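Descriptive structure summary
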Amino acid sequence: DAKTTQPPSMDCAEGRAANLPCNHSTISGNEYVYWYRQIHSQGPQYIIHGLKNNETNEMASLIITEDRKSSTLILPHATLRDTAVYYCIVRAPGAGSYQLTFGKGTKLSVIP
Amino acid sequence: GAVVSQHPSRVICKSGTSVKIECRSLDFQATTMFWYRQFPKKSLMLMATSNEGSKATYEQGVEKDKFLINHASLTLSTLTVTSAHPEDSSFYICSATETSTDTQYFGPGTRLTVL
């Protein structure tokens, strides 16, 4: 799986959009971009994933650049409960039997 | 999304005893589950891959005789920490893959403290 690079930490004001970047310049053509988050003392929570088109669900939006070398997770209206470590993971499809490799992620702090 | 549960959520035990942790996929079947360990302020580290009906695959450095894994059904995998020692104190997390979406879902984790 391709390696990802994320900033170690970010702050966001409550109510504002949180934009979390991820670089994955070595991504292969068939690899998906997955985002998870881990709130303190809890297991990771699946947020969203995509291949090349932008994706949106009830939690967030995922914007993937045209060359697929980077992506941005957008939390449209951050709340205090969104404070967590966010992980960007690149993974091949159909490899559901394969483990996920977690990097250090981005620690997002939502500030009142 | 799919739900994965773990039990217990927190356990304290004496050194030398064994502890069993259960991981269940509540609304889907999972032929493969994963067990991770996380130390304070560190990222998740994979311990082993649990396959239904067959032996688990352990990562390098993880003792298979100490961390016994059983995946007897498509919805249940168990991790038993045998002869636990204080250095085994950690946060243990399982995950399972929901095949229709090819997405892994994680349990809430089990905090193990060995005195």
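Structural data are supplied above this passage.
A brief structural summary. Along each chain, residues carry numbers from 1 onward, in the same order as the chain's sequence is written. Each chain takes a letter, starting from A, and each ligand takes a number, starting from 1, following the order in which they are written. Residue-level local features of this predicted model are given only where pLDDT is at least 70; pairs of side-chain atoms are given and counted only at 80 or more, and the full residue set underlies all totals for whole chains, interfaces and linings. As a rule here, side-chain values cover all heavy atoms of the structure and leave hydrogens and water aside.

Turning our eyes to something else, we now look at the overall build of chain B. Strands here mean DSSP runs of E at least two residues long; helices mean DSSP runs of H or I at least four residues long; both are numbered from the N terminus. Helix and strand counts for chain B come out as zero helices and eleven strands. When the helices and strands of chain B are placed in sequence order, the string is β-β-β-β-β-β-β-β-β-β-β. Here the globule rule is a power law, 2.2 Å times the number of residues to the power 0.38, and the radius of gyration is based on C-alpha atoms. Radius of gyration (C-alpha) of chain B: 13 Å, near the 13 Å computed for a compact globule of 115 residues. Taking all 115 residues of chain B together, 52% fall into the buried category. Buried residues are those whose accessible area, probed at 1.4 Å on protein chains only, stays under 20% of the maximum for their type, while exposed residues exceed 50% and partly exposed ones sit between those limits.

Residue and element names in this part refer to chain A. At least two DSSP bridges between two strands are needed for those strands to be called paired. Strand order across the open sheet formed by five strands is 1-9-8-3-4, with mixed pairing between neighbours. Of all the strands in the sheet, the pair left with one neighbour each is strand 1 (9-13) and strand 4 (45-50). If you compare each strand with its neighbour and ignore which way they point, the axes differ by 25° on average. Here strand 3 (residues 32-38) runs beside strand 8 (residues 84-91); their pairing, made up of seven bridges, is antiparallel. Paired with Arg-37 across the strands is Tyr-86, a residue of strand 8. Interaxial angles span 0 to 180 degrees and are taken between N-to-C directions of axes, which are lines fitted to C-alpha atoms, for helices over the stretch in contact.

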